[in-house]
Amino acid sequence: MLILGIESSAKAASAALVRDGELVGQYFQCSGLTHSATLLPMAEQLLASTGTDKSELDAVAVARGPGSFTGVRIGVAAVKGLCWALEKPAIGVSTLEAMAWNGANLPEGSLVCCCMDARRSQVYNALFAIKDGRPERLVPDRAVSLAELADDLAARDETPFLTGDGARLVSEYLGDRALPHTLARGILLQQSAWGVCMAAEGKSAESAGALLPVYLRLSQAERERQARMQSEQHN
């Protein structure tokens, strides 16, 4: 199965091509440029440089959340457009599940703690255990406070491997409380389209129209709107 993967849930953006679990190529950048200006050109260049015709693709996969509201929307919209244009199915995967593949080479049973900065002293988080070289989910995707996550990790036997753009934030919090952990380094601190492709393998594809973003909480704009409505009701 040949999968084109797209990742834009945070500051980093990437596109990857994976055939039957083997990485064919990946374009990655963390420049802060708008994803709407970089994603599709990266995908186009990746296909061209690997000599892959769009017709060869079996599916296009995307990290559909949680993550940056704008980043997730851009990624989902880009994949919808690609799938409609190419008449290919889409596969939406959890950003956190895709990120868990950063720990795939850890020893059997290792605990992978996927962290995305959700602001307001919260992180988007999920925990996985490495089983036969693959991440196996332990808890559902969730938005939790740093304190709640620290309590959860402290109750577990394994030392967590922290990955994701929120990993440094969690590492500082755990370090202040003398809780053991391992912080990922380099590119393993970032989400990647390769992880999206790996998470997509074995999942059912769907029509582009059925692909929707997944948010674990309201956006800041929506929270402010609700606060204004509540204030107006009380006045």
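The structure displayed is predicted, hence computed values, not measured ones.

Enquirer: Which residues make up the side chain of H35, and what values go with them?
Expert: Take H35: it is sitting in helix 1 (residues 35–49). For H35, a relative accessible area of 9% corresponds to the buried category. Within the local environment of H35, its side chain forms a polar contact with the backbone oxygen of A10, the two atoms lying 2.6 Å apart. Those residues within four positions of H35 in sequence are excluded, and the remaining contacts are S8, A10, K11, A12, A13, G71 and I74.

Enquirer: Please set out the UniProt feature "domain: Gcp-like" (unreviewed entry) in the protein residue by residue, giving values where relevant.
Expert: According to UniProt, the "domain: Gcp-like" (unreviewed entry) feature falls on residues 34–150. From the first C-alpha to the last, residues 34–150 spans 33 Å; its make-up is 38% helix and 31% strand.

Enquirer: Give me the confidence of the model for the protein: which residues, what numbers.
Expert: The predicted coordinates of low-pLDDT regions are not to be read in fine detail. When pLDDT is averaged across the protein, the result is 92; 92% of the residues are at 70 or more. Under a pLDDT of 50 for its full length, residues 219–227 has, in the predicted model, five contacts with residues more than four places off or in other chains.

Enquirer: Please set out the pairing of strand 7 (residues 122–131) residue by residue, giving values where relevant.
Expert: Taking burial as the measure, the 10 residues of strand 7 include eight buried ones, the bulk of the element. As paired strands, strand 6 (residues 111–119) and strand 7 are joined by eight bridges and run antiparallel to one another. From the neighbouring strand, C114 faces strand 7, where its bridge partner is A126. Taking the residues between adjacent antiparallel strands as the criterion, strand 6 and strand 7 are bridged by two residues, where R120 takes a positive phi near 55°. With four bridges connecting them, strand 7 and strand 9 (residues 142–145) associate as antiparallel partners. By the bridge assignment for strand 9, V123 is matched with V144. Pairing between strand 7 and strand 8 (residues 134–137): four bridges, direction antiparallel. Bridging across to strand 8, F128 finds its partner in R137. Here strand 7 folds back onto strand 8, and the loop between the two strands holds two residues, one of which, D132, carries a positive phi near 55°.

Enquirer: I'd like to hear about the sheet that holds strand 5 (residues 90–93), residue by residue, with values.
Expert: With mixed pairing, five strands are arranged side by side in an open sheet as 3-2-1-4-5. Looking along the sheet, the strands with just one partner apiece sit at the ends: strand 3 (22–29) and strand 5. Each neighbouring strand pair of the sheet contributes to a mean axis angle of 15°, computed without reference to strand direction. Direction of pairing for strand 1 (residues 2–7) relative to strand 4 (residues 59–63): parallel, over a ladder of four bridges.

Criteria and thresholds
- Residues numbered from 1 in each chain as written.
- Predicted model: local features only at pLDDT ≥ 70, side-chain atom pairs only at ≥ 80, totals over all residues.
- Heavy atoms only, no water.
- Helix = DSSP H or I, 4+ residues; strand = E, 2+ residues; numbered from the N terminus.
- Buried < 20%, exposed > 50% of the residue type's maximum accessible area, 1.4 Å probe, protein only.
- Polar contact = N/O pair within 3.5 Å; in protein donor to acceptor, adjacent residues only side chain to side chain.
- Contact = heavy atoms within 4.5 Å.
- UniProt positions renumbered as here; feature names shortened; annotations may be inferred.
- pLDDT = per-residue confidence, 0-100.
- Pairing = 2+ DSSP bridges.
- Axes fitted to C-alpha atoms, helices over the stretch in contact; angles between N-to-C directions.

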